[in-house]
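Listed below are the residues making up each chain.
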Amino acid sequence: MKKRILFIASEGTPFVKTGGLADVIGALPNVLNDVDDLETRVIMPLYQSLYPYWHSQMKKIASFDVSVGWRKQQTALYQITYQRVTYYFIENEYYFSRDDVYGYEDDGERFVYFCEAVISSLPYLDFEPNILHAHDWQAALTILLSKVYSCTPKMKSVLTIHNLKYQGIMLRDSFHDLFHLDDEHIGGMEWQGLINCLKAGIYHADKVTTVSPSYAEEIKSPYYGEGLHQCIQDRSEDLVGILNGIDTKSYHPRTDRAIRFHYQFSSSRKRLNKLYIQHKFSMEIDPDKPMYVMITRFVEQKGLHLIEAILDQFLTEEDVQFIILGTGESHFEDYFHQIEQRFKGKMIAYLKFDEKLARQLYAAGDFFVMPSKFEPCGLAQLIALQYNTVPIVRETGGLKDTVIPYNEYEKSGNGFSFTNYNAHDLLAVLRYTLNIFHDQDKWYALFRNVRKSSFSWEESRDQYVKLYEQVLASSST
Ligand code: ADP
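Here is what the cut-offs are and how they apply
Residues numbered from 1 in each chain as written. Predicted model: local features only at pLDDT ≥ 70, side-chain atom pairs only at ≥ 80, totals over all residues. Helix = DSSP H or I, 4+ residues; strand = E, 2+ residues; numbered from the N terminus. Rg over C-alpha atoms; globule rule 2.2 N^0.38 Å. Buried ≥ 20, exposed ≤ 12 C-beta atoms within 10 Å, placed from the backbone. Contact = placed C-beta atoms within 7 Å. Domains from an automatic or database assignment. Nonpolar A, V, L, I, M, F, W, Y, C, P; charged D, E, K, R; others polar. Near = placed C-beta within 6 Å. Pairing = 2+ DSSP bridges. Axes fitted to C-alpha atoms, helices over the stretch in contact; angles between N-to-C directions. Parallel < 35°, antiparallel > 145°, perpendicular 65-115°, else oblique. Left-handed = near helix turned anticlockwise from the far one by under 90°. UniProt positions renumbered as here; feature names shortened; annotations may be inferred.

**Structural notes on the overall build of the protein chain**
Phase 1 of the analysis: A count of helical and extended segments in the protein chain gives 18 helices and 18 strands.
Phase 2 of the analysis: In terms of overall dimensions, the protein chain is globule-like: its C-alpha atoms have a radius of gyration of 23 Å, near the 23 Å expected for 477 residues.
Phase 3 of the analysis: Taken along its principal axes, the extent of the C-alpha atoms in the protein chain is 65 × 45 × 45 Å.
Phase 4 of the analysis: Relative to its full complement of 477 residues, the protein chain shows a buried share of 47%.
Phase 5 of the analysis: Within the protein chain, contacts between residues at least 6 apart in sequence are counted, and of these 68% link residues at least 24 apart.

**Overview of the domain arrangement of the protein chain**
Phase 1 of the analysis: Here the protein chain is described as being made up of domain 1 (3-245 + 458-475) and domain 2 (267-452).
Phase 2 of the analysis: Placing a centre on the C-alpha atoms of domain 1 and another on those of domain 2 gives a separation of 33 Å.
Phase 3 of the analysis: Each side of the interface is counted separately: domain 1 has 16 residues, and domain 2 has ten residues.
Phase 4 of the analysis: Elements with a minimum of two residues in the side of domain 1 that touches domain 2: helix 1 (20-32) and helix 8 (213-218).
Phase 5 of the analysis: Counted by class, the side of domain 1 that touches domain 2 contains five nonpolar, eight polar and three charged residues.

**Section: the site of the ligand**
Phase 1 of the analysis: Taken together, 18 residues lie near the ligand, and Gly 19, Gly 20, Ala 358, Leu 379 and Ala 380 sit nearest.
Phase 2 of the analysis: Elements represented by at least two residues in the shell around the ligand include exactly helix 1, strand 13 (291-298), strand 14 (321-328), helix 13 (355-364) and helix 14 (380-386).
Phase 3 of the analysis: Class assignment of the residues belonging to the shell around the ligand gives a composition of eight nonpolar, six polar and four charged.
Phase 4 of the analysis: No fewer than three residues from each of domain 1 (3-245 + 458-475) and domain 2 (267-452) sit in the shell around the ligand.

**Quick look at the sheet that holds strand 9 (residues 190-191)**
Phase 1 of the analysis: With respect to topology, three strands assemble into an open sheet ordered 8-10-9, the strand pairing being antiparallel. A single partner strand is all that each edge strand has here, and the edge strands are strand 8 (169-171) and strand 9.
Phase 2 of the analysis: Pairing between strand 9 and strand 10 (residues 194-196): two bridges, direction antiparallel. Looking across to strand 10, one finds that Trp 191 is bridged to Leu 194.

**Focus: the packing of helix 4 (residues 137-148) against helix 7 (residues 197-204)**
Phase 1 of the analysis: Contact pair helix 4 / helix 7: the axes reach a minimum separation of 7 Å and the direction vectors enclose 50°. The angle between the axes of helix 4 and helix 7 places the two elements in the oblique class. Considering how the two elements wind past one another, helix 4 and helix 7 form a crossing that is left-handed. Listed contacts from helix 7 to Trp 137, Ala 140, Leu 141, Ile 143, Leu 144 and Lys 147 of helix 4 are Cys 197, Leu 198, Ala 200, Gly 201 and His 204.
Phase 2 of the analysis: Counted by class, the contact of helix 4 with helix 7 contains eight nonpolar, two polar and one charged residues.

**What about the environment of Lys 352?**
Phase 1 of the analysis: With respect to the element layout, Lys 352 can be found in the loop between strand 15 (347-350) and helix 13.
Phase 2 of the analysis: Remark: the alpha-carbon pair of Lys 352 and Arg 297, spanning 55 residues in sequence, is separated by 9.8 Å.

**Focus: the sheet that holds strand 5 (residues 85-91)**
Phase 1 of the analysis: What the nine strands build is an open sheet, ordered 3-4-5-2-1-6-7-11-12; its pairing is mixed. In this open sheet, the two edge strands, each paired with only one partner strand, are strand 3 (59-68) and strand 12 (239-241). For this sheet the average axis-to-axis angle between neighbouring strands, irrespective of direction, equals 25°.
Phase 2 of the analysis: Pairing of strand 11 (residues 207-210) with strand 12, which is carried by three bridges, proceeds in the parallel orientation. When the sheet's bridge partners are listed, Thr 209 is paired in strand 12 with Val 240.
Phase 3 of the analysis: Together, strand 1 (3-8), strand 2 (38-45), strand 3, strand 4 (71-82) and strand 5 form the strand contacts of helix 3 (residues 107-121), whose direction differs from that of strand 3 by roughly 125°.

**Notes on the UniProt feature "domain: Glycosyl transferase family" (unreviewed entry) in the protein chain**
Phase 1 of the analysis: UniProt records the feature "domain: Glycosyl transferase family" (unreviewed entry) for residues 279-435 in the present numbering.
Phase 2 of the analysis: Across residues 279-435, helical content stands at 41% and strand content at 20%; the span's end C-alpha atoms are separated by 26 Å.

**Structural notes on the pairing of strand 3**
Phase 1 of the analysis: Where strand 3 and strand 4 come together, nine bridges link them in antiparallel fashion. Of the residues in strand 4, the one forming a bridge with Asp 65 is Gln 74.
Phase 2 of the analysis: Linking strand 3 back to strand 4 in an antiparallel pair, the connection comprises two residues, with Gly 69 at a positive phi of about 60°.

**Regarding unusual backbone geometry**
Phase 1 of the analysis: With an omega dihedral of 5°, the bond running from Thr 13 to Pro 14 counts as a cis peptide bond.
Phase 2 of the analysis: Summarising the element assignment, Pro 14 is placed in the loop between strand 1 and helix 1.
Phase 3 of the analysis: Phi at Asp 136 takes a positive value of approximately 65°, unusual for a residue other than glycine.
Phase 4 of the analysis: In this structure, Asp 136 sits in the loop between strand 6 (131-135) and helix 4.
Phase 5 of the analysis: At Gln 192, a position not held by glycine, the phi torsion is positive, near 50°.
Phase 6 of the analysis: As for its placement among the helices and strands, Gln 192 is situated in the loop between strand 9 and strand 10.
Phase 7 of the analysis: Judged by C-beta crowding, with 9 C-beta atoms within 10 Å, Gln 192 ranks as exposed.

Right, dumping it as structure tokens:
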């Protein structure tokens, strides 16, 4: 009998994506399903953006009411199979027929509803999970609810923290408004007098994982622990860091349909993509001009304050091109818009979420800049490596685990890094990258190492399989 794992998540490619979580949910179930005695399925919300293309291809399998406190919410459950993985979708117009995925005042309530709806869906699935594998705060409450409602007594649970910063915090007063639980259940979810969805998951899950070994260590400390370090320490025996991979079929410069000039080993073919982007954005056309790329959510986490502190100087003093693709906090959007005006033709700020352009930029860049303050794993630097674009990162979390600083004497390493969260250290490393770029021997030695870097899912998949085995073994004791 196969082991059955149900992934619960708020986003996943190809259906909906706002960040790296979607890449993971879009790739990991597929590689897990290559394992003979395992089947993974996924359950997600049915957002408005899915209607035009996906909705008509889905099959409705049930409809029922879900209670959120005193409110009854009509719910429909849909199913679709995409690339060997079965996906279930929870439909509710009130909570999910909105323009965006997140960012609403009632996000807490929306995902309480989602978790209640997931649990209510279980009897209608042609799939009885052995393990609920919840991803991030939006799904974390399913772990508590499955225990309280004891849907399937033997069902075990895993929580993966993709980013500890986002916790789903609500006023404690909302407890009775949102849940049908007795007061005794507040304990696991209470945090500093508030309700904390992620904490409830950490507290109740059989195992907790995060997405790189370094981040798993870091979050035990107050600096990285986002107020939950004590709770993480209490679970440290059951905490494991498993590095994310990327979908190397989807992200492959030899076949990616988004990019103009396909390549695998040839740096000269890669450069054609740089020329394409220079032309597209009316920049100076020069294959030898170093191009720095950033693709990111505009939030403090991504080190944008460091960029703000030094970009003007870097662009004034150096003969380089810099392109940033991203959206988010308006303060950063304004800053990048303004600096684009100052450095016309040298600096491009494209303030949108654009998957196709992202892929074209991964292919076009010489360098990928990612000076994060913290980084649970980071997929962008892995995608950059896959497109032979050299990452420049701060040594934290998954960046530290995947980017090895280039040593020009030993010719080892696949990128550049700096240790302290300090703008001048970033500027110094950016200047150093130019020395290497202009030294053909050193540049090619680095380029060779970059080409050899590989972050496919296979190794991490085996670690998840082992973890599932441990979790299930513990159920028989
Ligand atoms: P996070 O999940 O914290 O946002 P990751 O590096 O793990 O960071 O994943 C980010 C993912 O989102 C990558 O696939 C990256 O290419 C993509 N991405 C980020 N911003 C944009 C954007 N503006 N347009 C297209 N893709 C983006």
